[in-house]
Amino acid sequence: MIIAAGGGRRIGGPEALLHQGEKPLVNQMIDTMTEAGCEQIVVVLGAAADQVRETADLDRATVVVNKAWGTGVGSSIRAGLAAMDDAGIEAVVVVPVDMPGLTAAAVRRVAALPYPDVLVCATYDGLRGYPMLFGRRHWSGIATLASADVGARPYLLAHKDQIVDIACDSVADGSRVDSPELMELYGLTVPPQRVGV
């Protein structure tokens, strides 16, 4: 699941519109997830969803539009989990779109135990980050507790003893682009948005 719904107040435009050169970052993330072996990819859009559909190639993904995106990432996680209606899916890898340094190797490490009762978090310098793996048995609890801009954190805190931490420092950059300085560092741009979007 790729969370690409935020308005990107700190970077000057919706995260899903971020481009690295000519390529939309959401397409780069779909490529990363595909290379990592994810069988179904759900992209949760929100801010500027229509413009994202026009500028990105989303044919390989199931697209969900979170109309409540302004309430924070919690509603996007709920929308993405609700779209996973195939009973054969036992776990879901969750990543935000604003991680240009994420690699397929990191996704594969976190997704190595795709069982219904697992909770896995990537770590960078000992701190938990994305990707995260949520086993199916946790989905309803995560959806119930996911709130505002803290997403799954309340559920993860309540189940911290069950989380498997997987160090990904050596295979990926865990930084999220949340400032103009980081946008410049990664060579990212947000194209001008049409009036009314």
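Predicted model only: the values in this text are computed from it and were never measured.

### Thoughts on the overall build of the chain
Logical step 1: Summing up its helical and strand segments, the chain has 7 helices and 10 strands in all.
Logical step 2: A compact globule built from 197 residues should have a C-alpha radius of gyration of about 16 Å, and the chain, at 16 Å, falls within 12% of that.
Logical step 3: Put simply, the chain has 197 residues, and 49% of those count as buried.
Logical step 4: In the chain, the share of contacts with a sequence separation of at least 24, taken over all contacts with a separation of at least 6, comes to 69%.
Logical step 5: When the accessible surface of the chain is split by element, carbon and sulfur atoms take 51% of a total near 9,300 Å².
Logical step 6: Treating the 16 positive side-chain charges of the chain as one cloud and the 23 negative ones as another, the clouds have centres 5 Å apart.

### Focus: the side chain of asparagine 27
Logical step 1: Inspection of the secondary structure puts asparagine 27 in helix H1 (residues 25-35).
Logical step 2: For asparagine 27, a relative accessible area of 8% translates into the label buried.
Logical step 3: Setting aside residues no more than four positions away along its own chain, asparagine 27 makes contact with Ala56, Asp57, Leu58 and Arg60.

### Details of the nonpolar core
Logical step 1: Ranked by internal contacts, the top residues of the largest apolar core, which has 60 residues, are Ile2, Val43 and Phe134.
Logical step 2: Those residues in contact with isoleucine 2 that sit more than four places away from it in its chain are Met29, Ile30, Met33, Ile41, Val42, Val43, Val44, Val95 and Val97.
Logical step 3: Among the nonpolar cores identified, the runner-up in size contains 7 residues, and Ile11, Val177, Met183 and Tyr186 belong to it.

### A word on the sheet that holds strand S2 (residues 19-20)
Logical step 1: One open sheet accounts for 3 strands, arranged S3-S2-S10; its pairing is antiparallel. Bordering the open sheet on either side are strand S3 (23-24) and strand S10 (188-189), each of which pairs with just one other strand.
Logical step 2: When S2 meets S3, the two strands line up antiparallel, connected through 2 bridges. Counterpart to histidine 19 in the pairing with S3 is proline 24.

### Quick look at H1
Logical step 1: Every buried residue of H1 is accounted for by Leu25, Val26, Asn27, Met29, Ile30, Thr32 and Met33.
Logical step 2: Count one or two residues on from H1 and you reach glycine 37, which has phi positive near 95 degrees.

Cut-offs applied
Numbers given for residues are sequential positions, taken from 1 along each chain in its written order. Only residues with pLDDT of 70 or above have their local features reported here, since the model is predicted, and side-chain atom pairs are shown and tallied only from 80 upward, although totals for entire chains, interfaces and linings are computed over all residues. Side-chain measures here rest on the full set of heavy atoms in the structure, leaving out hydrogens and waters. Put simply, DSSP marks the helices as runs of H or I at least four residues long and the strands as runs of E at least two long, and each gets a number from the N terminus on. As defined in this context, the radius of gyration uses C-alpha atoms, and a globule is described by 2.2 Å times the residue total to the power 0.38. Any residue under 20% of the maximum accessible area for its type is buried, any over 50% is exposed, and the rest in between are partly exposed; the area is computed with a 1.4 Å probe on protein chains only. Pairs of residues are marked as contacts when any of their non-hydrogen atoms sit within 4.5 Å. Here, Shrake-Rupley sampling with a 1.4 Å probe gives the accessible areas, and only protein chains in the shown set may cover a residue. We count Lys and Arg on the positive side and Asp and Glu on the negative side, and we leave His and both chain ends out. To locate a charge, take NZ of a lysine, CZ of an arginine, CG of an aspartate or CD of a glutamate. By nonpolar core is meant a set of buried Ala, Val, Leu, Ile, Met, Phe, Trp, Tyr and Cys residues that side-chain atoms within 4.5 Å join together. Any two strands with at least two DSSP-identified bridges between them are counted as paired.

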